[in-house]
Amino acid sequence: MPATHWASFAHDAASVPKARHVVRTVLDGAGLDEMALAEIEIVVSEIVGNAVRHARPLADGGIHVQCEVTVEVVPGAGAAPGAAPHVEVAVTDGGAPGRVLAPRAPDGCATGGRGLFIVDGLADEWGVVDNVDDLSRTVWASFGGPTRHHPH
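So, here is what we can say about the structure in this document. (Residues numbered from 1 in each chain as written. Predicted model: local features only at pLDDT ≥ 70, side-chain atom pairs only at ≥ 80, totals over all residues. Heavy atoms only, no water.)

Some points on helix H3 (residues 115–122)
A turn of α-helix holds 3.6 residues, and therefore any two residues three or four places apart point the same way.
Thinking step 1. Regarding H3, the residues found buried are Gly 115, Leu 116 and Val 119. The buried residues of H3 occupy one face: seen down the axis, they fall within an arc of 90°.
Thinking step 2. Contacts made by the buried residues of H3 are with helix H2 (34–54) and strand S6 (125–130). (Buried < 20%, exposed > 50% of the residue type's maximum accessible area, 1.4 Å probe, protein only. Helix = DSSP H or I, 4+ residues; strand = E, 2+ residues; numbered from the N terminus. Arc of directions from axis to C-beta. Contact = heavy atoms within 4.5 Å.)

So, in structure tokens, the structure goes:
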């Protein structure tokens, strides 16, 4: 059974370290090594940063961050020995109509524009889900195995 944690944050830059801290706290004790934790924190920082820089807030004025941790369970045996947890993080904002999300090769002189390039390099999978009903957008990233979006 996955353990899922939701948190809401203000739609401002101060939410980036707050979201990173919450995700780190959720993942403490999940059996991840320090490198994996650092990579997940970096991805959360990039996705939350993009949400507050480039998208509108949700109707409640903020953004929502979800962190889900699952460990593969073998029937009758509990967690498989040495099984690494699968982590999926998702950030939902108010969307950015007309803005297409895609990583781009970094320009060596630019001071920004590397966020999704970093996400693409660190996450096993990532993607975007646009909700046409409320115009929100969710950017998710997965670490440690297949996702619910693209099961293998």
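So, next bit.
Here we look at the environment of Asp 60
Thinking step 1. Tracing the backbone shows Asp 60 in the loop between H2 and strand S2 (62–70).
Thinking step 2. The spatial distance from the C-alpha of Asp 60 to the C-alpha of Ala 10 is 9.2 Å, given a sequence separation of 50 residues.
Thinking step 3. A polar contact is formed between the side chain of Asp 60 and the backbone nitrogen of Gly 62, at a distance of 2.9 Å. (Polar contact = N/O pair within 3.5 Å; in protein donor to acceptor, adjacent residues only side chain to side chain.)

As for the pairing of S2
Thinking step 1. Burial analysis of S2 places 7 of its 9 residues in the buried class, the great majority of the element.
Thinking step 2. The pairing of S2 with strand S5 (residues 86–93) spans 7 bridges and is classified as antiparallel. Note on S5: the bridge partner recorded for Gln 66 is Ala 90. (Pairing = 2+ DSSP bridges.)

Quick word on the packing of H2 against H3
Thinking step 1. Packing of H2 against H3 leaves a shortest axis separation of 9 Å and a crossing angle of 150°. Regarding the angle of H2 to H3, the classification is roughly antiparallel. The two elements H2 and H3 meet at a crossing, and its hand is left-handed. Across from Glu 39, Ile 42, Val 43, Glu 46, Ile 47 and Asn 50 in H2, the residues of H3 making contact are Gly 115, Leu 116, Ile 118, Val 119 and Leu 122.
Thinking step 2. For the contact of H2 with H3, a count of residues per class yields 7 nonpolar, 2 polar and 2 charged. (Axes fitted to C-alpha atoms, helices over the stretch in contact; angles between N-to-C directions. Parallel < 35°, antiparallel > 145°, perpendicular 65-115°, else oblique. Left-handed = near helix turned anticlockwise from the far one by under 90°. Nonpolar A, V, L, I, M, F, W, Y, C, P; charged D, E, K, R; others polar.)

Remember, this is a structural readout, not a statement about activity or role.
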